[in-house]
Amino acid sequence: MARIGVFVCHCGTNIAGTVDCPGVAAAARKMPGVVFASDYKYMCSEPGQKLIQDTIAAEKLDRVVVASCSPRMHEPTVRRTVAAAGVNPYRMEMANLREHCSWVHQDKPVATAKAIELVGMMVAKVSRDEALRAGRAELTKRLLVIGGGIAGIQAALDVANAGYQVTLLERTPTIGGKMAMLDKTFPTLDCSACILTPLMVDVAQHPNITLMTSAEVEEVHGFVGNFEVAIRQKARYVDHSICNGCGTCWGKCPVKDVTSEFDQGMGKRTAIYLPFPQAIPNKPVIDAPHCRSIAYREAQLKQAAEQGLSPEEAGKLKPVGPDGKKLVPCGICEKLCATKAIRFDDTDRVVKERFGAVIVASGYDLFMLDGSHDEALAPQARKPYYGEYGYGRYPDVITALQLERLMNASGPTKGEVVRPSDGKHPKTIAFIACVGSRDEKVGRPYCSKICCMYTAKQAIMLKEHDPSVQTYVFYMDLRAAGRYYDEFTRRAQETFGAQYLRGRVSRVYPQNGHYVVQGYDTLLGRAIEVEADLVVLANGVTSARGSVDLMQTLGISYDGYGFINEAHVKLRPVETNTAGIYLAGCAAGPKDIPDTVAQASAAAVKVAGLFARPFIETEPTISEVNQARCVACHLCEEICPFGAVTFVEVKGGRQVAQINPAVCKGCGLCTAGCRGRAILLHGFADQQVLAQVESLFARPVPLRAARSEPEPLLSK
Ligand code: FAD
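The numbering scheme is per chain: residues are counted from 1 as the chain's sequence reads. In view of the model being predicted, local features appear only for residues whose pLDDT reaches at least 70, and side-chain atom pairs are presented and counted only at 80 or more, with totals across whole chains, interfaces and linings using the full set of residues. With hydrogens and water stripped out, all remaining heavy atoms of the structure feed into the side-chain values.

K.L.:
Even after reading the chapter, I still don't get the sheet that holds strand S10 (residues 209–212), so can you show me in this structure?
P.N.:
Strands pair in a sheet through their backbones, by hydrogen bonds, and they do so in one of two ways: parallel or antiparallel. Pairing between two strands requires that DSSP report at least two bridges joining them. The helix count covers DSSP runs of H or I at least four residues long, the strand count covers runs of E at least two residues long, and both are numbered beginning at the N terminus. Strand order in the open sheet formed by 5 strands is S10-S7-S6-S18-S29, and the pairing between neighbours is parallel. The open sheet has two edge strands, S10 and strand S29 (581–583), and neither has a second partner. Recorded for the sheet is a direction-independent mean angle of 20° between the axes of neighbouring strands. When strand S18 (residues 357–360) meets S29, the two strands line up parallel, connected through 3 bridges. Each bridged residue has a counterpart across the sheet, and for Val-358 the counterpart in S29 is Ile-581. Every axis corresponds to a line fitted to the C-alpha atoms, with the helix fit spanning only the stretch in contact, and the corresponding angles, defined between N-to-C directions, vary from 0 to 180 degrees.

K.L.:
Sorry if this is basic, but what is going on with helix H3 (residues 46–59) here?
P.N.:
Since the α-helix advances by 3.6 residues per turn, residues separated by three or four positions end up pointing in the same direction. Helices are assigned an expected span. That span is 1.5 Å times one less than the residue count. An ideal rise of 1.5 Å per residue puts 20 Å on 14 residues; H3 measures up with 20 Å between its terminal C-alpha atoms. Of all the residues in H3, the buried ones are Gly-48, Gln-49, Ile-52, Thr-55 and Ile-56. Taken end-on, H3 shows its buried residues confined to a sector of 125°, consistent with a single buried face. For H3, the exposed residues lying more than 90 degrees away from the buried face are Glu-46, Ala-57 and Ala-58. The contact criterion used throughout is that any non-hydrogen atoms of two residues lie within 4.5 Å. Buried residues in H3 make contact with strand S1 (4–9), strand S2 (34–40), strand S3 (63–68) and helix H4 (71–84). Just past H3, the residue Lys-60 takes up positive phi, approximately 50°. Only protein chains enter the accessibility calculation, which uses a 1.4 Å probe; a residue whose area is less than 20% of its type maximum is buried, one above 50% is exposed, and one in between is partly exposed. The arc refers to the directions leading from the helix axis to the C-beta atoms.

K.L.:
What am I meant to see in a nonpolar patch on the surface here?
P.N.:
A cluster of nonpolar side chains, namely Phe-684, Val-689, Val-693, Leu-696 and Phe-697, defines an oily patch on the protein surface of about 400 Å² accessible area. Mapped onto the secondary structure, Val-693 falls in helix H20 (residues 686–697). When its relative accessible area of 32% is taken as the criterion, Val-693 is described as partly exposed. What goes into a patch is any residue over 30% in relative accessible area without a salt bridge, connected to like charges within 9 Å or, for nonpolar side chains (Val, Leu, Ile, Met, Phe, Trp, Tyr), within 5 Å. Each accessible area value is a Shrake-Rupley result obtained with a 1.4 Å probe; residue values ignore everything except the protein chains displayed when judging cover. The working definition used for a salt bridge is a side-chain nitrogen of Lys or Arg within 4 Å of a carboxyl oxygen of Asp or Glu.

K.L.:
Just checking my understanding: could you explain the site of the ligand for this structure?
P.N.:
Think of it this way: one heavy atom of a residue within 4 Å of a molecule or strand is enough to make that residue near it. Taken together, 37 residues surround the ligand, and among them Glu-170, Phe-186, Tyr-364, Lys-591 and Ile-593 come closest. Ile-150 places a main-chain nitrogen or oxygen 3.2 Å from an oxygen atom of the ligand. Arg-171 places a polar main-chain atom, nitrogen or oxygen, 3.2 Å from a nitrogen atom of the ligand. The protein chains hide 97% of the 1,000 Å² of surface that the ligand would expose on its own. Under this definition, polar contacts are N or O atom pairs within 3.5 Å; protein pairs additionally need one hydrogen-donor-capable and one acceptor-capable atom, and for neighbouring residues in sequence, both atoms have to be side-chain atoms.

K.L.:
What's the story with the pairing of strand S4 (residues 92–96) in this structure? I'm lost.
P.N.:
A regular strand carries its side chains on alternate faces of the sheet. With 5 of 5 residues buried, S4 is to be regarded as a mostly interior element. Residues of S4 alternate between two faces, with Met-92, Met-94 and Asn-96 on one and Glu-93 and Ala-95 on the opposite face, all of them buried. Relative to S4, S3 is paired through 5 bridges, and the arrangement is parallel. Across the sheet, residue Val-64 finds its bridge partner in S4, namely Met-92. Crossover handedness is defined by viewing with both strands directed away from the observer: a clockwise path from the first strand over the helix to the second marks the crossover as right-handed. For the handedness criterion, the β-α-β arrangement of S3, H4 and S4 is classed as right-handed.

K.L.:
Just to check I follow, could you spell out the sheet that holds strand S27 (residues 534–539) for this structure?
P.N.:
An order of S20-S27-S21-S22-S23 is seen for the 5 strands of this open sheet, with the pairing classed as parallel. The two strands at the open ends of the sheet, each matched to only one other strand, are strand S20 (397–399) and strand S23 (499–502). Between one strand and the next, the sheet's axes are offset by a mean angle of 25°, whatever the strand orientation. Sheet topology places strand S22 (residues 470–475) next to S23; 4 bridges connect them, and they run parallel. Bridge pairing in S23 links Phe-474 to Leu-501.

K.L.:
Please explain the state of the cysteines as it appears in this structure.
P.N.:
Where two cysteines share a covalent bond between their sulfur atoms, that bond is called a disulfide. Two cysteine sulfurs form a disulfide in these notes if their separation is within 2.5 Å. What the rule picks out here adds up to 1 disulfide. We note that Cys-101 lacks a disulfide partner, and the nearest cysteine sulfur, in Cys-21, lies 9.4 Å from it. You can call Cys-101 buried: its relative accessible area is 0%.

Below, the structure is given as C-alpha cells:
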C-alpha cells in the first residue's frame, strides 16, 4: 500500500488569499493512501523543503504530492528534495493550486473546493506512479554561437576562456554587429570601437574559437548535448586561408559606387570590399551582384546554356548585358593579388557539425520606415510608415544609426556631421523619438528601451562636435532607467542645452532650405514649430531579419514580434524552452550594451555548467513502443515533431517502430495518435491519467481501453 504525503503551500497570499490551505490539507488527510497532510507558508523555501524531507523520514512516505504553483516553476527543485530523502523523484506530483486555482478564482469556498479536487487527482495519480530512472546520453562539449554582435562575441570569449571549443557564426562578412557602427556609447561616452575592437581581435586569435563569417544555420537536428547543425558557408570569392588582407584589391577595384550597408547608405564602397577598416576577419569579400568579373562569367554561362554549349565552352563567348551592350570582364583584383586568393568560381558550401549547446545572439534590426522589416508580408504588400516625416523623400531626414555613422571618425564623412543634401554643417537639429516604438498603429506597442538614451547621447555629441549647434528632442515620455541614465539625460538638457519638447510630431516639410517640424507641446498645451537643418528619427528596435525562420529551424519559441521567449522571464532568463539552447542580447528584445553583455556572460555560465558534466541526463518520462502491438503504420513517425521514431526489423521480418530515448521529448503525440495503442508514455500511462479522471468524477472509468493493460499479441 502506498504511503502518500500531501504538502499544501500558501505561496504567501498568492494561494492562501483565495484558498483555505489548512482546509485542503484536512481534506487530503481523508484521501486513500494519504498518511500525512500539512500546509506551510512557502513550501519552496528551505524550511518548507526540510519539512518535506523530515516528514518523508518520520512517516516512511514513498510518494509525495506538493500542492503549490506550476510544475514549470519548481518541479526540478521539489524532485531533488524528495530524491535526497529517498523517494523516487517520479513518484512526486505537483497540484497547481496557483495558476489553475487561486489566480483564476475569487470566491474562496469555490476555489477551496476546486483545490481539493486538484489535490485528489494528484493523489490518485501518484499512487499509480512507476519508479522511473533518468537515462544518460553523450555530451559533445562544443558550443555554437549564432550572431557575432557584442552578445555573441562576449558569450564566445567567456566559454572559450573556460576551456571549451566554440564556433562563432555570423551571417555578414564581419563580426561586431551594431556596436561596431556606433561612435561613442552612453552613459560613459566611451569610444565604441575602443572597447569593441580588442574583443573582436581576441575572437580572431583565440585558440578555442573557430570564426565563420558570411555563414548561416540551415538545419538543426538532435537534442541537448548532441545537436547536428548544417551550416551554409556562403561564397566569398576570396580564399581567406591565403589572403593576407593587404588591401591592394579593394584599393584598385573600379566599381566604387556600391551603397555601403555598414555606413547605413551614407557612404559608398567597392565591389571587393572590407566592410570597415577594423573588420574581423580583416580580409575582403566580393559582392557578386556588383562584381564585373562574376557578372561576365555568369552571363557567359547563361548564354552557353541558351545555346546548348557546355560550361567549358562558355569561356569563349562574348556576352552582352541586359541593356544589349557588350560586357567587359574586369579581373583587376585577380591580376593584382599577390597571394592568388581570388576565386571567381567560388560557390556556397554546406558543412555539418556537432555541438552540445547553442547560444542564439542574432540581435536586432531597426524599424524601417519603408516597411521592409515586415517580413511576414509579401514585398508588394508592405507599406511605408510615417510618411508625414518625409524619410526617403527629404535627404536631410535621416535615422539615428545614420547619424552615428556621420559622427564616427572612421565613417563616410570622417566624423564631419554634414547634411546629405548639400554637405553643409547643420546648426539646428530636431530629433523625433518613438518612431516605430510604443505605437499600436504600426504594430509596435512596446518600448525600444534604448532610443531615449541614444538620443540624449547624440544631442550631447553634436554639441561637442560643434558648440553652436542647437538640438530639439520631440519625445513622448523620457525613459532613462539604469545606472547614471537619468543623470545623463538631464546633462543633455542642462549642460548641453538640448530642448526637450513633449509631444508627437505631426508633419515635417521643407521650407526655404530648412525643414519645418510641426508638433504639439502637451506640457505647454499648444502647437509648436521648429525650423531644423537636419531631422533625426530615433527609430525603434525590431527583431532581426529572418529571426522567425531561425527560431523555427532551432525549434525555440518566440513572441509575436519575433523575439525569443525566455524559458522563464525571471528565473531562467537566458534559457529557451529547448534544453541546450540559450539566448543573449537583443535577440530576446531591446537592450543596451551593458544588459546585453551581462546576459551573454550569464548564458556562457549556463553553457560552462552544462559542459562541466560528464554526460547528459535524459528524462525518463518519454514514450516506449510495445513492439508486439505495433503494426508499422508509420503514423507515429509522421507526427513526431522531433524525429525520434525510426523503424527496425524484428524477428520474423516484421517492421516495428522504435523511439530514440535521447531524442524523445515526451510530448505524447505518438501515444495519442497510435491507432494500435502500442505506445506508452512513461509517467502518463492510461491507469495514471484515468485514475485522475475517476477521482474527479468519483466513479470508475473502465480500464478496458487502457493502453498499458496486457493485450493478446497480434501474432496470435
Ligand atoms: P547586434 O548588434 O544586432 O548583433 C547581432 C549580430 O547577429 C549581427 O552581427 C547580425 O548580423 C548577426 N545575425 C543576425 N541574424 C543572424 C543569423 N541568422 N545567423 C548569423 N548571424 C546573424 N547601446 C548602449 O549601451 N550604448 C549606446 O550608446 C548605444 N547607442 C546606440 C545607438 C543607436 C543609433 C542604436 C540603434 C543602438 C544603440 N545602442 C546603444 C544599442 C546597441 O546597439 C545594442 O545594445 C547592441 O548592439 C546589442 O548587441 P547584440 O549583439 O544583441 O545585437
